[in-house]
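Survey of secondary and tertiary structure
Each chain is listed here by its residues.
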Amino acid sequence: MLRGPQNLAQRILEVQERMARAAARAGRNAQSVTLLAVSKAQPAEVVRAAADCGLRDFGESYLQEALAKLDALRDRALQWHFVGRIQANKTRDIAEAFAWVHAVDRLRIAERLAAQRPHYAAPLNVCLQVNIGGEASKGGVAHAELPGLAAAVARLPRLALRGLMCIPPEETEVARQRAWFRELHGLYTALNSAGLGLDTLSMGMSGDFEAAIEEGATIVRVGTALFGPRPA
Ligand SMILES: *Cc1c(COP(=O)(O)O)cnc(C)c1O
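One structure accompanies this document, and this report is about it. The structure presented is a predicted model; accordingly, all values stated were derived computationally and were not measured.

To continue, consider the pairing of strand 2 (residues 57–60). Burial along strand 2 is two-sided: the face carrying Asp57 and Gly59 and the face carrying Phe58 and Glu60 are both buried. Relative to strand 2, strand 1 (residues 34–38) runs parallel, the two being bridged by two bridges. Note on strand 2: the bridge partner recorded for Val38 is Gly59. This β-α-β element, strand 1 to helix 2 (residues 44–52) to strand 2, shows right-handed connectivity. Alignment of strand 2 against strand 3 (residues 79–82), held across four bridges, turns out to be parallel.

Below, the structure written as structure tokens:
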């Protein structure tokens, strides 16, 4: 695959056009969906090139790699999202360096992030990851535990509970993709009926972001479709 900057600009445009078409099919404003470019395993120069194309939100999963990249791009006003699983011994660095975390699934992790979020920083934006397919291989809170976790996280200082995130089972059929996303949307609606005031559904990746947008995604997390296959 070609890897030049022109090619990157082209792929960004293609993804943005696909997002806009999916939003239009759902009768939604294209501006209501944020493209989060998942840049894990991509070098800082590639992120810089993507920023030059107008992207502002970037997602990372591996802390050491991410911290070096954040440092290399300090001169840019970028919004960094930690989308990976969060280990307890990594919470301080995450709380200090990121604007968003997408995969909180335990109260203990949220409590550490709240305690370690610096007072000079804006509240850390948090999504709770739901294990929507009940898969043992994936993180995420079980459906039954979600309301209790959400209520507890919403009470923590220094955090802004924004919404829900999921990584559904891989599906090739669009109807099945949409069913998982619809389920997450249902859980989100229920929490909002309970007064939580959520505004974010982080769902959809390279293989299913259009289905996610049709079911209400407000953030799609896209890596491969923008940057090509990740280097080993
Ligand atoms: C890697 C990753 C993505 C991006 O996946 P692609 O299939 O490359 O678009 C999205 N979300 C999370 C949590 C990831 O770890």
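Before going further, it helps to spend a moment on the site of the ligand. Looking at the ligand, there are 13 residues lining it, with Lys40, Ser206, Gly223, Thr224 and Arg230 nearest. With respect to the ligand, the backbone of Gly223 contributes an N or O atom lying 2.8 Å from an oxygen atom. Between an oxygen atom of the ligand and a side-chain N or O atom of Thr224, the distance comes to 2.5 Å. Burial of the ligand by the surrounding chains reaches 88%, relative to a free accessible area of 390 Å². By residue class, the composition of the shell around the ligand is six nonpolar, four polar and three charged.

Buried within helix 6 (residues 146–154) we find Leu146, Leu149, Ala150, Ala152 and Val153. Projected down its long axis, helix 6 carries its buried residues within an arc of 165°, all on one side.

For the structure shown, the criterion picks out two aromatic pairs. Taken together, a centroid distance of 5.8 Å and an interplanar angle of 40° make the contact between Phe58 and Trp80 tilted. Of this pair, Phe58 sits in strand 2 while Trp80 is found in strand 3, placing the two residues 22 residues apart along the sequence. Across the pair, exposure class does not vary: Phe58 and Trp80 are buried alike. Measuring from centroid to centroid gives 5.3 Å for Phe82 and Phe98, while their planes differ by 80°, and the two rings are edge-to-face. Of the two residues, Phe82 sits in strand 3 while Phe98 sits in the loop between helix 4 (91–97) and strand 4 (100–104), which places them 16 residues apart along the sequence. For the pair Phe82 and Phe98, one class covers both residues: buried.

As enumerated under the stated definition, the model contains zero disulfides in all. Free cysteine Cys166: the closest other cysteine sulfur is in Cys127, separated by 11 Å.

In this structure the tally under the stated criterion is 15 salt bridges. Put simply, Arg48 and Asp75 hold a salt bridge, and the shortest N to O gap is 3.0 Å. Remark: Asp75 occurs in the loop between helix 3 (63–72) and strand 3 and Arg48 occurs in helix 2; sequence separation between them is 27 residues. Classification of Asp75 by relative accessible area gives exposed; the value is 54%. Its salt-bridge partner being Asp199, residue Arg162 comes within 3.0 Å of it at the nearest N-O pair.

The next point concerns the nonpolar core. Nonpolar side chains tend to gather and get buried jointly when the protein is soluble and globular. With 67 residues, the main nonpolar core has Leu113, Leu128 and Leu164 as its most contacted residues. Contact partners of Leu128, with chain neighbours within four places excluded, come to His102, Val104, Leu146, Leu149, Ala150, Val153, Leu161, Gly163, Leu164 and Met165. One finds Val38, Trp100, Ala103 and Ile219 within the second-largest nonpolar core, a separate group that totals nine residues.

Right, let's get into the pairing of strand 3. Since strand 2 and strand 3 lie parallel, the crossover through helix 3 that links them has a hand, and here it is right-handed. With two bridges connecting them, strand 3 and strand 4 associate as parallel partners. Each bridged residue has a counterpart across the sheet, and for Phe82 the counterpart in strand 4 is Val101. Regarding the hand of the β-α-β motif, the stretch spanning strand 3, helix 4 and strand 4 is right-handed.

Moving on, we get to the side chain of Ser39. Turning to its location among the elements, Ser39 is positioned in the loop between strand 1 and helix 2. Polar side-chain contacts of Ser39 include one of 2.6 Å to the side chain of Glu60. Dropping the residues within four chain positions of it, Ser39 is found in contact with Val47, Phe58, Gly59, Glu60, Glu65, Lys69, Trp80 and Phe227.

About the criteria used
- Residue positions are given per chain, counted from 1 along the sequence in the order it is written.
- This being a predicted model, a pLDDT of at least 70 is required before a residue's local features are given, and a value of 80 or more before pairs of side-chain atoms are given or counted; all residues contribute to the totals for chains, interfaces and linings.
- The side-chain quantities take in all heavy atoms of the structure and omit both hydrogens and water.
- Classification of residues uses two cut-offs on accessible area relative to the type maximum, computed with a 1.4 Å probe and protein chains only: under 20% is buried, over 50% is exposed, and between them is partly exposed.
- Helix and strand assignments follow DSSP, with helices taken as H or I runs no shorter than four residues and strands as E runs no shorter than two, numbered in order from the N terminus.
- A pair of strands counts as paired when DSSP detects no fewer than two bridges linking them.
- For a crossover, the right-handed case is the one in which the path from the first strand over the helix to the second runs clockwise, viewed with the strands pointing away from the viewer.
- Residues are labelled near a given molecule or strand when at least one of their non-hydrogen atoms is within 4 Å of it.
- Counting of polar contacts relies on pairs of N or O atoms within 3.5 Å, with two restrictions inside protein: one atom must be capable of donating a hydrogen and the other of accepting it, and residues adjacent in sequence are counted only when both atoms are side-chain atoms.
- Residue burial considers only the protein chains on display, and all accessible areas are found by Shrake-Rupley using a 1.4 Å probe.
- For this classification, Asp, Glu, Lys and Arg are treated as charged, while Ala, Val, Leu, Ile, Met, Phe, Trp, Tyr, Cys and Pro are nonpolar and the rest, including Gly, are polar.
- Arc definition: directions from the helix axis to the C-beta atoms.
- Whether two aromatic rings pair depends on their centres lying within 6.5 Å, for rings of Phe, Tyr and Trp, where Trp uses its six-membered ring; planes under 30 degrees apart make the pair stacked, over 60 edge-to-face, and the rest tilted.
- We call a pair of cysteine sulfur atoms a disulfide whenever their separation is within 2.5 Å.
- Whenever a carboxyl oxygen of Asp or Glu lies within 4 Å of a side-chain nitrogen of Lys or Arg, that contact is scored as a salt bridge.
- By nonpolar core is meant a set of buried Ala, Val, Leu, Ile, Met, Phe, Trp, Tyr and Cys residues that side-chain atoms within 4.5 Å join together.
- Note on contacts: a residue pair is in contact if any heavy atoms of the two residues lie within 4.5 Å.

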